[in-house]
Amino acid sequence: MKKTILLASVCAALLQACAPTSSPREGSSSMPNTATSPASSDVNLPAYYWRLASATDAAGKPIAALQAGVEHQLRLSFSQDALNIRGGCNAQFGGYTYKNGVLQVANLASTMKACEQSLMRLDAEIGQRMKGELRATLSGHASEPGLELVAQDGSVLKFVGEPTPETLYGSAGEIMFLEVAAKKTECSHPLIPNYQCLMVRERRYNEAGVQQPTKDKWHPLYQSIEGFQHQDGVRTVLRVKRYDWKNPPADAPKQVYVLDMVVEQDASKK
């Protein structure tokens, strides 16, 4: 059986070198290059993924529907002109501006999947609060930042900042496509005996998003792809971002691969 996963806008997505959480541009608006509060001049909104840590109403009581967001690690991410929300059922996205401690969020658009009710309620609750003007407070410093948002109904959402790959590795990622073979292969590893490598080859697409003939040969990848879990017997095509690691540890690779999107899966050889 062959299972193919294609997102609704996959042809356009194949050609856009964007982070996984910043590809949609609906409702985009401009923002200052430096999104910081006066008290936290070294914290920049787009430099982090903001993971929901707690959510309370105006009376200080936990918001039950948003507890699923803490458990499922709901997070915000900011490009220079777009806000994205992930971790519920659907991705939500829209434009924003940040100035003088006020986060102004444009009307959010959303993908249209159906999921379990708790995640659907989570989407509705976070979408209801992430709109219009929110009072924003950045705290901590670059290594341990925090973000507090006070919505128009008085509810308080607290987030913890986690560095994006661009921040972590110190470079802009390069979009590329990798086809991952259904089976791993044994390969040489200086520290791990009988190490199993992914077998990969690069895939290319033209400007219309049409796959081109594959010229790259299969070869072992002597490292993992962050965010990707290989399933034995399943061939997969991935859109990844490849980063040059500016200051890697002595035993770490100089390039890092991070999953951006699963384009296709084929279990026919399982």
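Residues numbered from 1 in each chain as written. Predicted model: local features only at pLDDT ≥ 70, side-chain atom pairs only at ≥ 80, totals over all residues. Heavy atoms only, no water.

Novice: Tell me what's going on with the overall build of the protein chain, and back it up with residues and numbers.
Specialist: What the protein chain contains, in helices and strands, is 4 helices and 16 strands. Counting every position in the protein chain, which comprises 270 residues, the buried fraction comes to 43%. Within the protein chain, residue pairs in contact and separated by at least 24 positions form 63% of the contacts whose partners lie at least 6 positions apart. Accessible area of the protein chain: about 14400 Å², with a carbon and sulfur share of 51%. (Helix = DSSP H or I, 4+ residues; strand = E, 2+ residues; numbered from the N terminus. Buried < 20%, exposed > 50% of the residue type's maximum accessible area, 1.4 Å probe, protein only. Contact = heavy atoms within 4.5 Å. Areas by Shrake-Rupley, 256 points an atom, 1.4 Å probe, with all protein chains shown as cover.)

Novice: Summarise the confidence of the model for the protein chain; cite the residues concerned and give the values.
Specialist: In the predicted model, the protein chain carries a mean pLDDT of 85, and 83% of its residues have values of at least 70. Every residue in residues 1–41 scores below 50 in pLDDT, and together they form 105 contacts with partners more than four places removed in sequence or on other chains. (pLDDT = per-residue confidence, 0-100.)

Novice: Explain the state of the cysteines to me, using residue names and the numbers behind them.
Specialist: Note: disulfide means a covalent bond formed between the sulfur atoms of two cysteine side chains. Enumeration according to the criterion identifies 2 disulfides in this entry. One disulfide bridge connects C89 with C115, the sulfur atoms lying 2.1 Å from each other. Taking the torsion about the sulfur-sulfur bond, which here is approximately 75 degrees, the covalent link between C89 and C115 counts as right-handed. Of the two residues, C89 is situated in the loop between β3 (82–86) and β4 (92–99) and C115 in the loop between β6 (109–110) and α3 (117–129); the sequence distance between them amounts to 26 residues. In this model, C187 is linked to C197 through a disulfide, with the two sulfur atoms separated by 1.9 Å. An S-S torsion of about 85 degrees defines the bridge between C187 and C197 as right-handed. (Disulfide = S-S within 2.5 Å.)

Novice: Tell me about the nonpolar core, and please be specific about residues and values.
Specialist: Formed by 32 residues in total, the largest nonpolar core has its most connected members in W50, L76, L103, M130, L149, L157 and F159. Among the elements that line this core, the one with the most residues is strand β1 (residues 48–56), at 4 residues. Other than its neighbours up to four places away in sequence, M130 contacts L76, L83, I85, L103, V105, L108, L149 and L157. (Core = buried A, V, L, I, M, F, W, Y, C linked by side-chain atoms within 4.5 Å.)

Novice: Please provide a residue-by-residue account of the packing of aromatic side chains, values included.
Specialist: Within the structure shown, the criterion is met by 5 aromatic pairs. Ring centres 4.9 Å apart and planes at 70 degrees place the aromatic pair F78 and Y96 in the edge-to-face group. Remark: Y96 occurs in strand β4 and F78 occurs in strand β2 (residues 75–78); sequence separation between them is 18 residues. The two residues F78 and Y96 agree in class, both being buried. (Phe/Tyr/Trp six-rings, centres within 6.5 Å; stacked < 30°, edge-to-face > 60°.)

Novice: Which residues make up helix α2 (residues 64–71), and what are the values?
Specialist: For α2, the set of buried residues is A65, L66, A68 and G69. The buried residues of α2 occupy an angular sector of 135 degrees when projected down its axis, which confines them to one face. In α2, the exposed positions angled more than 90 degrees off the buried face are occupied by A64 and E71. For α2, the elements touching its buried residues are β1, α3 and β9 (156–163). Within two residues after α2, Q73 carries a phi angle of roughly 55 degrees, on the positive side. (Arc of directions from axis to C-beta.)

Novice: How would you summarise the packing of α2 against α3 if you had to cite specific residues and measurements?
Specialist: When two helices pack together, you describe them by how their axes are tilted relative to each other and by the distance separating the axes. Where α2 contacts α3, the axes come no closer than 8 Å and their chain directions differ by 105 degrees. By the angle between their axes, α2 is roughly perpendicular relative to α3. Residue-level inspection shows A65, L66, A68 and G69 of α2 in contact with α3, the latter providing S118, L122, E125, I126 and R129. Classifying every residue of the contact of α2 with α3 gives 5 nonpolar, 2 polar and 2 charged. (Axes fitted to C-alpha atoms, helices over the stretch in contact; angles between N-to-C directions. Parallel < 35°, antiparallel > 145°, perpendicular 65-115°, else oblique. Nonpolar A, V, L, I, M, F, W, Y, C, P; charged D, E, K, R; others polar.)

Novice: Would you mind going over the environment of T236 in detail, with residue names and values included?
Specialist: Turning to its location among the elements, T236 is positioned in strand β15 (residues 235–244). Owing to a relative accessible area of 2%, T236 belongs among the buried residues under this scheme. With 57 residues separating them in the primary sequence, T236 and E179 have C-alpha atoms 5.8 Å apart. The residues touching T236, leaving out its near neighbours within four places in the chain, are L178, E179, V180, F228, V262, E264 and Q265.

Novice: Tell me about the pattern of salt bridges, and name the residues and values.
Specialist: Considering all chains together, one arrives at 14 salt bridges under this definition. For E179, the salt bridge is made with R201, and the minimal N-O distance between the two is 2.8 Å. With a gap of 22 residues between them, E179 in strand β10 (residues 174–180) and R201 in strand β12 (residues 196–203) connect regions that are remote in the sequence. When its relative accessible area of 4% is taken as the criterion, E179 is described as buried. Each of E179, R201, R203, R235, E264 and D266 takes part in a single network of salt bridges with overlapping partners. (Salt bridge = Lys/Arg side-chain N within 4 Å of Asp/Glu carboxyl O.)

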